[in-house]
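Close look at the chain arrangement
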Amino acid sequence: MSNIPVELKYAKSHEWARHNDDGSITVGISDNAQDQLGDMVYVELPEIGQAVTAEEGCAVVESVKAASDVYAPVSGEVVEVNEVLGDTPELVNQDAYGAGWLFRVQPSDAAELDALMSGDTYAEFLEDEAH
Amino acid sequence: MANKTPLYDEHVADGGKIVDFAGWDMPINYGSQVEEHNNVRTDAGMFDVSHMTVVDLTGARTREYLRYLLANNVDRLKESGKALYSCMLNEQGGVIDDLIVYYIRDDYYRMVVNAGTRAKDLAWLEQQSVDFSVTVTERPELAMIAVQGPNARAKTLPLLRDSVREAAAALQPFYGVFDGEWFIARTGYTGEDGFEIVLPAEEAAHFWSRLRAAGVRPTGLGARDTLRLEAGMNLYGSDMDESITPLEAALNWTIAWEPADRDFIGRKALERARAEGVRHKLVGLLLEDKGVLRNHQKVLGGSGEGEITSGSFSPTLQRAIAFARVPKDTGEHCQVDIRGKLHSARVVKPPFVRNGKAQIEL
């Protein structure tokens, strides 16, 4: 059973989003996603200042097995990226919701966050996907 | 309905992630592909390769048949149990499959061919056998387990029957020995020492569990692919197929041109191609930047374009490596298009890794 923190929001493309106190949104991939991809060996992050659009690809995570696009859960501007992943991409496997975060976005429309799934809904979504 | 090997239940019990491979339900990994890979380089891992096709060839004229069928020359096989790697070509010189053939005795050879090419291989073997009165017998009732790694032989030998243990311990690389229906060969697809063991399907699960108890770790097809890539070994369907000759697949060494009067299927086409000069070559690539090389990425080298045929991340070297088919005049450097950006790669001569050690400078 994969780990799904209830305080986060989730996209169908398996990203998680955390609404920070300063209004920004931290983005990563879910525990289920890292488990499916396997050993992470390279992460390509967006540029700071880059404008991203909800549901469009803006980062790539690569495991030994495959390269996978990461989609922005909300539109906005990238304000920080997790540069540590350049040397230690395995953090995405080891701590998908913590040290393995990918980037932080200042959203242009925070209401887009409401369109994402709750933890419970994402758990059901994974159940359905598995069948 | 996918095929299942006699070890399918073992894979599920071992936590294997099952994927389709050439119509077979096979484990891609049992958790971490990289850990499984590293374990084969440093200790011992086992692979279920029962999906591969074992074919016995019998009849008084079997040697003559194989001399005609294969680009490599079975006359090189003089001692019982000796193995030969060869391509089987069509008349155009394209590769129908790559395979290993073992010489057992003059009227009996054993061949192991790929799972993905099984049907066409068997049809071709049958078609060519008619003129030589050779009998082609597939052996689907046999399973096959590869045990690979520096400790593979030491961990396997105590589990073999007394009747064969000494002979198996004495095997030189690329030789095999029978023990009843069991066939133990010192061959593999990882660049490490070890055995490939053919055994009756009904005995496979028990032997697998004994190997596991001896500290041999189940290893999936994912690690098998990165291990063979590091070892500089081609994969049929990725690095060569029926549209590619061995000359453009870095397999020149497997073509036995001499004696010149040995006619084999594809020989005329190969001689013509060699005389005219081939336009491409298959080379090894080491990515200079961070990133991962993948199959089908475009390569800019020499006077034109090429393509990656097998690309991945090398767990041993911690760098992206690949085989690429590039223009013949490609020098020591080329560029690879990764998601629209060009990245520098160095052209190197495989293998990348052998017996746990890097074979190229990083």
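Residues numbered from 1 in each chain as written. Chains lettered and ligands numbered in written order. Predicted model: local features only at pLDDT ≥ 70, side-chain atom pairs only at ≥ 80, totals over all residues. Heavy atoms only, no water.

1. Remarks on the overall build of chain B
To be explicit about the condition: Counting from the N terminus, the helices are DSSP H or I runs at least four residues long and the strands are E runs at least two residues long. Only C-alpha atoms enter the radius of gyration; for comparison, a globular chain is expected to reach 2.2 Å times N to the power 0.38, where N is the number of residues. Burial status follows relative accessibility: with a 1.4 Å probe on protein chains alone, a residue under 20% of its type maximum counts as buried, one over 50% as exposed, and anything between as partly exposed. Note on areas: Shrake-Rupley with a 1.4 Å probe; residue coverage comes only from the protein chains shown. Neither His nor the chain ends contribute to the count of charged residues, in which Lys and Arg are positive and Asp and Glu negative. For the purpose of locating charges, the reference atoms are NZ of Lys, CZ of Arg, CG of Asp and CD of Glu.
On a plain count of helices and strands, chain B comes out with 9 helices and 21 strands. Expected size for 362 residues packed as a compact globule is a radius of gyration near 21 Å; at 20 Å, chain B falls within 12% of this value. Taken along the three principal axes of its C-alpha coordinates, chain B extends 60 × 50 × 40 Å. Relative to its full complement of 362 residues, chain B shows a buried share of 58%. When the accessible surface of chain B is totalled, it reaches about 14700 Å², and 50% of it is carbon and sulfur. Within chain B, one finds 43 positive and 51 negative side-chain charges whose respective centroids are separated by 4 Å.

2. Observations concerning the domain arrangement of chain B
Residues and elements named next belong to chain B. Note the following rule: Where each domain begins and ends follows an automated or database-derived domain assignment. Residues are treated as being in contact if the distance between any of their heavy atoms lies within 4.5 Å. Here the quantity called buried area is the total loss of accessible area, with a 1.4 Å probe, experienced by two parts when brought into contact, counted for both. Salt bridges are defined as contacts in which a side-chain nitrogen from Lys or Arg sits within 4 Å of a carboxyl oxygen from Asp or Glu. For the purposes of these results, a polar contact is taken to be a pair of N or O atoms within 3.5 Å, where, inside protein, one atom must be able to donate a hydrogen and its partner to accept one; residues adjacent in sequence count only when each atom of the pair is a side-chain atom. The classification used treats Ala, Val, Leu, Ile, Met, Phe, Trp, Tyr, Cys and Pro as nonpolar, Asp, Glu, Lys and Arg as charged, and all other residues, Gly among them, as polar.
Its domain assignment divides chain B into domain 1 (1-278) and domain 2 (279-362). A C-alpha centroid distance of 26 Å is found between domain 1 and domain 2. Between domain 1 and domain 2, the residue contacts involve 25 residues of the former and 26 residues of the latter. Approximately 1800 Å² of surface area, both sides summed, lies buried where domain 1 meets domain 2, with 51% of it carried by carbon and sulfur atoms. The tally of links from domain 1 across to domain 2 stands at 0 salt bridges. In this structure, the connection of domain 1 to domain 2 is made through 15 residue pairs in polar contact (both at pLDDT 80 or more). Of all the secondary-structure elements, those providing two or more residues to the side of domain 1 that touches domain 2 are helix 2 (33-42) and helix 8 (221-230). Considered class by class, the residues forming the side of domain 1 that touches domain 2 number 10 nonpolar, 8 polar and 7 charged.

3. A short note on the interface of chain A and chain B
In this assembly, 15 residues from chain A lie in contact with 14 residues from chain B. Together, the buried faces of chain A and chain B total about 1300 Å²; carbon and sulfur atoms form 45% of this surface. Taken together, the links from chain A to chain B amount to 5 salt bridges. Here B:Arg294 makes a salt bridge to A:Glu62, at a shortest N to O gap of 2.8 Å. Counting residues per element, the ones that place at least two in the side of chain A that touches chain B are helix 1 (31-37), strand 4 (40-44) and strand 6 (57-63) of chain A. For the side of chain A that touches chain B, the class distribution of residues is 6 nonpolar, 3 polar and 6 charged.

4. Remarks on unusual backbone geometry
Residues and elements named next belong to chain B. Of note, the amide linkage connecting Glu 258 to Pro 259 takes the cis form, showing an omega dihedral of -5°. Structurally, Pro 259 is set in the loop between helix 8 and helix 9 (267-276). Looking along the chain, the bond that leaves Pro 350 and enters Pro 351 is cis, with omega of 5°. Relative to the elements of secondary structure, Pro 351 occurs in the loop between strand 19 (341-348) and strand 20 (353-354). For His 296, which is not a glycine, the phi torsion comes out positive at approximately 80°. Mapped onto the elements of the fold, His 296 is located in the loop between strand 14 (280-287) and strand 15 (298-301).

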